[in-house]
Amino acid sequence: MYRVIDYALQEIEATLHCITSIQEAIDMENTPHLPRVFGPEILGRLPSTSTSRIRRTTLGLIGAYSSWFASQPPTSSSLLMSVLTYVASALTDPALCLQAAIALRNLCDANRKALAPEIGAFGQLHAALGSIPESEKSKVVQSIASVIQALPAHEQIEPITAIVDPIARKLAEALQSSSSLPDESRTIIILELETLSGLAKGLTRTTDGLVILGERDSESDASLETMQRAKEEPRVVNLRKNISDTLEAVVNIWSTDAGISSCNLIQRSSVDTILALDKERLLQLYGRRIMKAVIEGFASVAPRSVVPNLIEILGTLLSRAGGGLGGGGGAGGAVAANWIREILFADDFIASKATREVKESFATAIL
């Protein structure tokens, strides 16, 4: 009997794989069978406990079709919530948490406005964050932040504060023990910075700050004004100051640590959100030190796993520190160029196999 059940699950899993693989070719607005797939008729009958393989496949299917839910009418909101419940139930399972966190992130990003009325449920999810593996907490926080972003600006303050306060507290505790427990403190700080970065990513939409053809309508102007008022509220001002002061303390201790630099928030600092930090101050305080950590990371100090993050930070620094602080100027700007050459050819540059010619070639290639 068990063999029959196992064979049946394998057939179902193969079918789900096939549906996932054709996602890009499907007309999302004309898919009469998908409501059956994600409804009680199919998803509702699939295993929600144990049997990790088929659940992992199902989570991948949900993540692949996350944008489909956004194309459904408001009357289909129960379908979206039932799928979210299925995903959330897998977050605490170490064998499934990665796929579940990715599916949750995709769903929340694509369905922000539809999920905003359910912000209370996401508050409960945040309260249960302690039961989710550390490696996936940043994705879960990013998911929650995506939903918060769809709220009116003044309604974002309380949930953002609820997320930031425990992160800031853990960072402060790790900083206090950094001299006696440096390795443990570094691990905690990396995890908490990744979570804070996840928050910043969730609060940021790819279209934020962009205006088509340079035009703004009255609704956009009103939204910007509302956001500006929220940013000036004392609670938000104190929150940003707390984050900025904590980041400064972290960088002062681990200024040349590529692992910590890869979690830095400078790349999110110019986005118009409640938490948007002062880009000028961040660059002045941390820019050169982070550039040094990034370049030394390329010199084989950092593990290969963080190289993509180092590339992203390098590109961000080049674009933010071009032509003078505050002046923009793009890649190859004077400030970034000076930093790179000063760091590469300094007497205290970390020992490596790179000759002067190799350093010259590196500098020329990226500037």
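Parameters and conventions
Residues numbered from 1 in each chain as written. Predicted model: local features only at pLDDT ≥ 70, side-chain atom pairs only at ≥ 80, totals over all residues. Heavy atoms only, no water. Helix = DSSP H or I, 4+ residues; strand = E, 2+ residues; numbered from the N terminus. Buried < 20%, exposed > 50% of the residue type's maximum accessible area, 1.4 Å probe, protein only. Contact = heavy atoms within 4.5 Å. Core = buried A, V, L, I, M, F, W, Y, C linked by side-chain atoms within 4.5 Å. Expected span 1.5 Å × (residues − 1). Bend = angle between axes of the 7 residues up to and from the residue. Polar contact = N/O pair within 3.5 Å; in protein donor to acceptor, adjacent residues only side chain to side chain. Axes fitted to C-alpha atoms, helices over the stretch in contact; angles between N-to-C directions. Parallel < 35°, antiparallel > 145°, perpendicular 65-115°, else oblique. Left-handed = near helix turned anticlockwise from the far one by under 90°. Nonpolar A, V, L, I, M, F, W, Y, C, P; charged D, E, K, R; others polar. Salt bridge = Lys/Arg side-chain N within 4 Å of Asp/Glu carboxyl O. Phe/Tyr/Trp six-rings, centres within 6.5 Å; stacked < 30°, edge-to-face > 60°. pLDDT = per-residue confidence, 0-100.

Okay, the overall build of the protein chain next. Scanning the protein chain from terminus to terminus reveals 18 helices and 0 strands. Looking at the protein chain as a whole, 43% of its 367 residues qualify as buried. Taking the intrachain contacts of the protein chain between residues at least 6 apart in sequence as the baseline, contacts between residues at least 24 apart amount to 71%.

Let's shift gears to the nonpolar core. Within soluble globular proteins, side chains that are nonpolar tend to cluster in buried spots. If you look at the biggest cluster of nonpolar residues, it comprises 91 residues, and the most contacted ones within it are Phe38, Val87, Ile189, Leu199 and Met291. Residue contacts for leucine 199: discarding those within four places in its chain leaves Val141, Ala145, Ile163, Val164 and Leu275.

For helix H10 (residues 153-176), spanning 24 residues, the distance from its first C-alpha to its last is 34 Å, which sits close to the expected 34 Å at 1.5 Å a residue. Along H10, the sharpest change in direction is near 30 degrees and occurs at isoleucine 160. Listed in full, the buried residues belonging to H10 are Ala153, Gln156, Ile157, Ile160, Thr161, Ile163, Val164, Ile167, Ala168, Leu171, Ala174 and Leu175.

Moving on, we come to the side chain of asparagine 111. Locating asparagine 111 in the fold gives a position in the loop between helix H6 (97-110) and helix H7 (112-115). Using a relative accessible area of 3% as the deciding quantity, one classes asparagine 111 as buried. Polar side-chain contacts of asparagine 111 include one of 2.9 Å to the backbone nitrogen of alanine 70. With residues up to four places along the chain from it excluded, the contact list for asparagine 111 reads Ser66, Phe69, Ala70 and Leu80.

Attention now moves to the packing of H10 against helix H13 (residues 234-253). The N-to-C vectors of H10 and H13 enclose an angle of 25 degrees; their axes lie 10 Å apart at closest approach. Compared by their axis directions, H10 and H13 come out roughly parallel. Viewed along their axes, H10 and H13 form a crossing whose handedness is left-handed. Residues Ile157, Ile160, Thr161, Val164, Asp165, Ala168, Leu171 and Leu175 of H10 pack against Arg235, Val236, Leu239, Asn242, Ile243, Thr246, Ala249, Val250 and Ile253 of H13. Of the residues belonging to the contact of H10 with H13, the class tally is 12 nonpolar, 3 polar and 2 charged.

This part is about the pattern of salt bridges. Inspection of the entire model under this criterion finds 11 salt bridges. With a closest N to O distance of 3.1 Å, glutamate 13 and arginine 53 form a salt bridge. Of this pair, glutamate 13 sits in helix H1 (residues 2-21) while arginine 53 is found in helix H3 (residues 52-64), placing the two residues 40 residues apart along the sequence. Taking relative accessible area as the criterion, glutamate 13 reaches 10% and is therefore assigned buried. Close ionic contact of arginine 288 with glutamate 342 constitutes a salt bridge, the shortest N to O distance being 3.1 Å.

What follows covers the packing of aromatic side chains. Tallied over the full model, the rule gives 4 aromatic pairs. Residues tryptophan 68 and phenylalanine 69 carry aromatic rings whose centres are separated by 4.9 Å and whose planes lie at 75 degrees to one another, so their mutual orientation is edge-to-face. Residues tryptophan 68 and phenylalanine 69 agree in their burial class; the two are buried. Through pairs of rings, three or more aromatic residues link up here, namely Phe38, Tyr65, Trp68 and Phe69.

It is worth spelling out the packing of H3 against H6 at this point. The contact between H3 and H6 brings their axes to 8 Å, and the two run at 20 degrees. It follows from the interaxial angle that H3 and H6 lie roughly parallel. Along this stretch, H3 crosses H6, giving a crossing that reads as left-handed. Along its contact with H3, which presents Arg56, Leu59, Ile62 and Gly63, the element H6 presents Gln99, Ala100, Ala103, Asn106 and Leu107. Counted by class, the contact of H3 with H6 contains 5 nonpolar, 3 polar and 1 charged residues.

The next subject is the side chain of threonine 57. With respect to the helices and strands, the residue threonine 57 is situated in helix H3. Look past the residues within four positions of threonine 57 in its chain and what remains in contact with it is Glu13, Leu16 and His17.

Once that is clear, we can look at the confidence of the model for the protein chain. With 83% of its residues at a pLDDT of 70 or more, the protein chain has an overall mean of 82. Within the model, pLDDT remains below 50 along residues 207-217, and this stretch shows 7 contacts once partners closer than five positions in the same chain are excluded. In the predicted structure, residues 323-332 sits below a pLDDT of 50 and forms 22 contacts with residues beyond four places in sequence or in another chain.

Locating leucine 34 in the fold gives a position in helix H2 (residues 34-37). Given a relative accessible area of 6%, leucine 34 falls into the buried group. Taking the C-alpha atoms as reference points, leucine 34 and isoleucine 19, separated by 15 residues in sequence, lie 9.6 Å from one another.

Along the chain, serine 197 falls in helix H11 (residues 182-202). On the accessibility criterion, serine 197 (6% relative accessible area) is buried. Linking serine 197 and glutamine 142, residues 55 residues apart in sequence, is a C-alpha distance of 8.2 Å.

Relative to the helices and strands, glutamine 228 resides in helix H12 (residues 218-231). A sequence separation of 46 residues divides glutamine 228 from isoleucine 274, and the C-alpha atoms of the two residues are 7.9 Å apart.

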